Amino acid sequence: MNEQLGASVTEALDRPPSRYVVGIDLGTTNCAMAFVDTQEPGKGVQVFRIPQLVDWGAVEELDTLPSFHYQLTDQESTSIRSPWLRSRGGAQSVVGVLARDRGMQMPGRQIASAKSWLCHAGVDRTASLLPWHGDEDVQTLSPVEASSQYLAHLRQAWDRRFPQSPLAEQDVAITLPASFDEIARSLTVEAAKLAGLERIILIEEPQAAFYAWLARHESDWTEKIRPGESVLICDIGGGTTDFTLIRVSKAESGTDANPSDVIAESEVVKLQRVAVGQHLILGGDNLDLALAHAAEANLTDGGQKRLTSRQWDALRLHCRVAKETMLGPNPPASYTLTIPGSGSRLLENSLTIELDKQTIKTVLLDGFFPKVQLTDRPATATSGFQEFGLPYASDPAISRHLASFLWDHRWDGRSPTERSSFTDVQAARPDWILFNGGVLESSQIRQRIVDQVIAWFRTEDPSLPDGWKPGMLEGNRLDLAVAIGAAYYGMVRRGVGVRIDATLARSYYLMIQQDPPEVLCIVPGKAIPGDQFLLQERPLELLLNSPIQLPLFVSSTRLVDEIGSVGPLDVEQMSSVAAIRTVLELPKSRRRESIQVLLHAELTEIGTLHLKCLTPDHQHQWRLEFDVRSSFLPGQAGNLGVGELDGIVDESLIETARSIIAETFSPLGSLPPKELIGKLEQALTVPRADWKPSLLREMWRELIELDEGRKRSPAHEARWLNLVGYCLRPGYGMAADDWRVATTWRKVQGKLAFANATSAAETIILWRRIAGGFTAGQQRALYQDLQPRLRSTLVPHSKASISTSTNETMELLRLAGSLELLRTNDRLELGAWCLQGLKRAKLVPLQGAMLWTLGRLGTRAPAYGPIHQLVPLDAVTRWITTLLELDIHRSEMQFAVVQMARKTGDRYRDIDESLRNQVLIWLAQQQAADSQISLVREVHSLSDQQQTEMFGESLPLGLRMAR
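These numbers come from a predicted model, not from an experiment. (Residues numbered from 1 in each chain as written. Predicted model: local features only at pLDDT ≥ 70, side-chain atom pairs only at ≥ 80, totals over all residues. Heavy atoms only, no water.)

Chemist: Break down the sheet that holds strand β14 (residues 230–236) for me, with residues and values.
Modeler: In space, the six strands of this open sheet follow the order β20-β19-β14-β15-β16-β21, with mixed pairing throughout. At either margin of the open sheet sits one strand with a lone partner, and together these are β20 (471–472) and β21 (500–502). The pairing of strand β19 (residues 432–436) with β20 spans two bridges and is parallel. Residue pairing across strands places Trp-432 opposite Gly-471, the latter belonging to β20. On the sheet, helix α14 (residues 443–460) packs against β14, β19 and β20 and is oriented at approximately 155° with respect to β19. (Pairing = 2+ DSSP bridges. Helix = DSSP H or I, 4+ residues; strand = E, 2+ residues; numbered from the N terminus. Contact = heavy atoms within 4.5 Å. Axes fitted to C-alpha atoms, helices over the stretch in contact; angles between N-to-C directions.)

Chemist: How would you sum up the pairing of strand β16 (residues 269–276)? Please name residues and give values.
Modeler: Counted residue by residue, β16 has seven buried out of eight residues, so it is predominantly covered. Bridging between strand β15 (residues 241–250) and β16 involves seven bridges; their strand directions are antiparallel. Looking at β16, one finds that Ser-249 is bridged to Lys-270. Of the pairings in the sheet, the one linking β16 to β21 comprises three bridges and is parallel in character. For Gln-272, the partnering residue across the bridge sits in β21 and is Asp-501. (Buried < 20%, exposed > 50% of the residue type's maximum accessible area, 1.4 Å probe, protein only.)

Chemist: Any chance you could break down the packing of helix α20 (residues 714–728) against helix α22 (residues 757–769) for me, citing the residues and the numbers?
Modeler: Where α20 meets α22, the closest approach of the two axes is 8 Å, and the angle between their N-to-C directions is 10°. Comparing their axes, α22 and α20 come out roughly parallel. On α22, the residues touching Pro-714, Glu-717, Ala-718, Leu-721, Asn-722, Val-724, Gly-725 and Tyr-726 of α20 are Thr-758, Ser-759, Glu-762, Thr-763, Leu-766 and Arg-769. The residue inventory of the contact of α20 with α22, partitioned by class, reads six nonpolar, five polar and three charged. (Parallel < 35°, antiparallel > 145°, perpendicular 65-115°, else oblique. Nonpolar A, V, L, I, M, F, W, Y, C, P; charged D, E, K, R; others polar.)

Chemist: Give a detailed account of unusual backbone geometry, specifying residues and quantitative values.
Modeler: Between Leu-130 and Pro-131 the backbone carries a cis peptide bond, its omega angle lying at 5°. Counting through the fold element by element, Pro-131 comes out in the loop between α3 (114–118) and α4 (143–161). Pro-730 follows Arg-729 through a cis peptide bond whose omega is -5°. By the element assignment, Pro-730 lies in the loop between α20 and α21 (737–748). Although it is not a glycine, Ser-113 adopts a positive phi angle of roughly 55°. Considering the arrangement of structural elements, one finds Ser-113 in the loop between β11 (110–112) and α3.

Chemist: Give me the lowdown on the sheet that holds strand β26 (residues 552–555), citing residues and values where you can.
Modeler: Taken in spatial order, the five strands line up as β27-β23-β22-β26-β28 in an open sheet, and their pairing is antiparallel. Among the strands making up the open sheet, the edge pair consists of β27 (566–568) and β28 (575–576). In this sheet, β26 lies alongside strand β22 (residues 507–514) in antiparallel orientation, the contact comprising four bridges. Along β26, the bridge assignment pairs Ser-507 with Ser-555.

Chemist: Quick one: what's the story with the environment of Asp-479, residue by residue and with numbers?
Modeler: Examined against the element boundaries, Asp-479 turns out to sit in the loop between β20 and α15 (481–492). Residue classification places Asp-479 among the partly exposed residues on the basis of a relative accessible area of 25%. Sequence separation of Asp-479 and Glu-441 is 38 residues, and the distance between their C-alpha atoms is 8.3 Å. With near-sequence residues (within four places) excluded, Asp-479 lies in contact with Asp-25, Ala-32, Thr-64 and Glu-441. A distance of 2.8 Å separates a polar atom in the side chain of Asp-479 from a polar atom in the side chain of Arg-477. (Polar contact = N/O pair within 3.5 Å; in protein donor to acceptor, adjacent residues only side chain to side chain.)

Laid out in structure tokens, this is it:
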């Protein structure tokens, strides 16, 4: 049978109870901290006032710490001294009020919304990418590091006030959105560790908000909410929207009573969190962005050009203040925005716009809280608000998301009596609403939501009395409630206070069959922190010493599925979790073999999901890690690489390919290397351009296993290198391609059997083909090796004197241009060399390679690299201007210019409109193809032919660029 093991307790929680129990709201826009002194329990939960710089040299203690990080300029660093400045890598920074306010003048030095980036599956959340498109001299941080900076400030503030009880030794509850994915939860823990906090637990923000209400009503809460009623918690913060449902019911006699309840046994009441909404990156940031778009449209209608990226940053920050003012109490008739101009006369060229009440109503209230029907569902079309780099929710209408949430979870947690007596509409109706989050500080928005709920249920439920409306659970201040509730929750864990029974409210599934897709429930929605599950009835068949993929899915609506149950993949109710891709290896064994393993799942006490495989005898076990990096690589579609989606090749074709490869590379093989490709095409009955990714990767494995065969002759090695690269290109797109690339690197780098020009050239081609699968460190190592050879050829009067043939230099250039993970300075250096080389008559034979490399270096839409590492826009502008002045007529010239001028719709990446018009005129003069011109004029994806040009050859079927 499937075995549910006893709850585990982390090492941190085994320590003696601390004097203080602390709650931290790690918010998108503001952080807050509250605490309970267990030696003075009568004081209850207290708010910790946070000292911070509010101006240069001015420190104040405030209830909240704005979640903004600002790096000082060199001048500021030398003139300011304060214990509240943070130092890292030689740079000084500040967080809080000063960081927020100073960033309005210097937006390129400010990090904001780090929490939204922490849950952004489209980027490497551990990479240094913030501030997004910041100033060149600003030290970048990862979302994890930025989050840790706020926690480190809180720790410093606490330790200065309570030096005898440092925060690192206290029990700390940190809040996060209820819908955070497993990676975001784990990275929140990592941020806390970076800040020196080890004794932490996690609590979801909507629950914390309700706990704050309970803390205020601990003695009379059962007089306000009664069994059979439902509480909707509506939490809209700066970056996310969360919905949570709590059902109120009678507890089973004596067993579920809360320790603090002093009521008759027949009236014992329990609170059960039964549902959480899907994760929505939709909050105050979106309102700011929408208002900024409206303001910019007004400016451009007045004859102004589109705002520069720096003006846009300033406008967006000012729109936050305008939103808070116009949606706040006693709003003025209008709000005037002034942002700096561009050029040398900033003050004289400043731009001013007035936002009136009607604009606010149209853009913010009607745009995000429109009147909808209870049966309406969120749109799935791509949102237009992508400029900031975050994957905002496709439909900005929060009211539609709320309708979907209430309807989809109408029966969750309902008793049998309710199921037999309620209609669907009655089951969906909330009796109480608790508001939380900075956006809901606005009474206008709160009233919009209440009016919408009233309209839904007065219309649909005739049994309701006239004048019905949901009750309001008035809580603490919205900006402090989450921190207060988190501290109260810490006490509840010690047996003091009113407990909410909170199950996981998410079910996890493992795909066990692809055609047709079937999934296995590995963690049920009724799980609670500390539960462990061992699926003994469903052992998995896994390969050792071979890449495996475990596609995981999660559902917040299918909460009744039991552990071990099997059913079809329901794409409407199940969403993909970041994949688990790994290689299981036994010590001292390289043999590829299949074994049975059991899957062990644990929902840890701190709220994260841990998975591992173990052999039935429990002698060997492997920890399974979520593949963070692959989630943002193009060519990955959720849990499945695009290559897998193209289909799995019949085993007979794979065996045919293996046997033919063995005819060339096995010890007794007699097939000449030059005849290998032709025989493979003939036997497989399709040209090699049509070989599917799954077949190519199996051919790669056979080549790796016959590695010794390349040593038979120079021709054998050249063919082996060529075919390995062809089978593994472009280095990503299939499960565990990173493992294959790493294996190839170990086999080839510095280990050529024949030191001749052909093998050297084929190695360069191999690296170019699989460059997308290299780590940043491997790419830097490659560039350091080829850098002196390129400098010797391209740079006039270079001190280096390295002899390199023209053909080899061409391949080296193309390899260098394919390394999209190089540091920006390396790419700027190489680009400058290419521009110099284009002007030298003796290097005309290299012009095509130099132009192709320039195009790859300066592209606005990389093939696989993260867009936060693009060559800066000002450098690309100079490159394009220089190219347009050169009298070079080659197809690669058009390729380079188009790649650098390609329109993406992202103002941080796109060249300005005047230069774009110059490029369009130039392309017309060059009689460029319409497809090339359209890439510059409009936002388009690359055609197959254009992708072939970008990679230097066609990609395998099914492996196409995602952007």
